[in-house]
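Coordinate inspection notes
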Amino acid sequence: MNMHIGKFSIHNTDGKARAGELHTAHGVIPTPIFMPVGTQGTVKAVCPQDLKDLGARIILGNTYHLYLRPNDEMIARRGGLHKFMNWDRPILTDSGGFQVFSLSGLRKLSEDGVTFSSHIDGSKHVFTPEKVVSIQKNLGSDIMMVLDECVPYGADHEYTKKSLGLTTRWAARCRAAYPQGSGDQLLFGIGQGGFFKDLREESIRQLLDIPFDGYALGGLSVGESKAEMMDILYHSAPLLPADKPRYLMGVGTPLDIVRGIDAGIDMFDCVMPTRNARNGTLFTSQGKVNIKRAQYTEDDSPLDPECSCYTCRNFSKAYLRHLYQAQEILSYRLNTIHNLAFFLTVVTDARKAIEEGTFQAYKARFENIYDT
Ligand SMILES: CC1(C)O[C@@H]2[C@@H](CO[C@@]3(CNc4nc5cc6c(=O)[nH]c(N)nc6cc5[nH]4)OC(C)(C)O[C@@H]23)O1
Ligand SMILES: [Zn+2]
């Protein structure tokens, strides 16, 4: 067991924003960090070399999906997810609790866990805290997430309070199933509490009694308004332990990420750069570009003059628009390369600004270009 694994150090702060690094079994992750989503063991439309060329340092995999297909035991027999997908840098796997509620049918929640039917073939399955830890051990992810209940948007105070208690008991069972320091994998707790500030405080207070290697804010980016998300975010982030990584799950737009960093968050993941690339919505230093618009038909300029990614260095907007209109497969890859480059640049530029003490100016410049 490498003694450094789990070590998190902060070397600069600027207001509540932090610049640091987290040590994992597959390398050091600079923070703030953006994690491309690779739900089924692939970041859609790009290969591991593309991700390395972009400077991606850690990607996300998903317990729910990889358990159902191709199956975690099968992946374990091939040396784990890193070997199976040929990615030798860090991987974080979400526990699947959220996907059970956002994807599968026929779910039943009990103290012991959640039963659900597969969205692929309708087969019956049970996720308990012990089971999701076992799956993530088979996958060999560097950072595992506990099984939690992501409270649906709009749930009332009573339901939310009851649910956060279950989530805490499940978190304790996950920790017991993988005691701290017993292996190379880290385990993060997940705070819930919906949109009630008192319950957000209670959920975090309960989690602090359990030793986790990092703490996430769950239950956000679930259909609420931006104002509601920001209100809970700015209230809750500072309540998470300052000496551990803070992870905001499923967020968000570039502006959400910059504001999350401002609130003291270190880690982000979102399907936005990859999903929007596939529908032609591209993020640039001058704002969003919808590449299918006729105005780009004969535009020979690069997508983003300030971007140094493979796409911006080698192709014009006219060509990218043609690929999209012709529904060419290359459109997915080139658009994804650029959008991921943009999201990764947002956090590396933010990190530099924190080190230079100019993060507020960086945030203000960003807010002049993006408003969501
Ligand atoms: C922003 C954007 C583009 O991301 C899309 C779509 C809708 O929002 C997303 C992202 N939001 C999101 N919130 C989460 C909360 C939890 C949580 O409480 N617990 C656990 N274990 N994992 C979570 C993962 C989360 N992802 O959620 C799905 C449904 C996965 O699609 C994503 O809008
Ligand atoms: Zn680019």
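Residues numbered from 1 in each chain as written. Chains lettered and ligands numbered in written order. Predicted model: local features only at pLDDT ≥ 70, side-chain atom pairs only at ≥ 80, totals over all residues. Heavy atoms only, no water.

Some points on the UniProt feature "binding site: substrate" (unreviewed entry) in the chain
- The UniProt feature table records "binding site: substrate" (unreviewed entry) at D94, S95, G96, G97, F98, D148, Q192 and G219.
- Relative to the helices and strands, F98 resides in helix α5 (residues 97-103).
- Non-local contacts of F98, meaning those with residues more than four positions away in its chain, are made with C150 and V222.
- In this structure, G219 sits in the loop between β12 (214-217) and α9 (226-236).
- The class of G219 is buried, set by a relative accessible area of 6%.
- Excluding anything up to four places from it in sequence, G219 contacts C150, Q192, F195 and R200. (UniProt positions renumbered as here; feature names shortened; annotations may be inferred. Helix = DSSP H or I, 4+ residues; strand = E, 2+ residues; numbered from the N terminus. Contact = heavy atoms within 4.5 Å. Buried < 20%, exposed > 50% of the residue type's maximum accessible area, 1.4 Å probe, protein only.)

Topic: the coordination of the zinc ion (ligand 2)
- At 2.1 to 2.3 Å from the zinc ion (ligand 2) lie its protein donor atoms, namely C307 (SG), C309 (SG), C312 (SG) and H338 (ND1).
- Sequence spacing of the donor residues for the zinc ion (ligand 2), all on one chain, is C-x1-C-x2-C-x25-H.
- By relative accessible area, which is 17% here, C307 ends up buried. (Donors = N, O, S within 2.8 Å, 3.2 Å for Na, K, Ca; no water.)

Topic: the packing of aromatic side chains
- All chains considered together, the criterion is met by 16 aromatic pairs.
- Where F212 meets Y215, the ring centres are 5.8 Å apart and the plane angle is 85°; that geometry is what we call edge-to-face. The pair formed by F212 and Y215 is uniform in burial state, with each residue classed as buried.
- Taking the centre distance of 5.4 Å and the plane angle of 20° together, the rings of F366 and Y370 count as stacked.
- Since its relative accessible area comes to 8%, F366 is described here as buried.
- Cluster of aromatic residues (ring-pair linked, three or more members): F34, F283, F342, F343, F359, Y362, F366 and Y370. (Phe/Tyr/Trp six-rings, centres within 6.5 Å; stacked < 30°, edge-to-face > 60°.)

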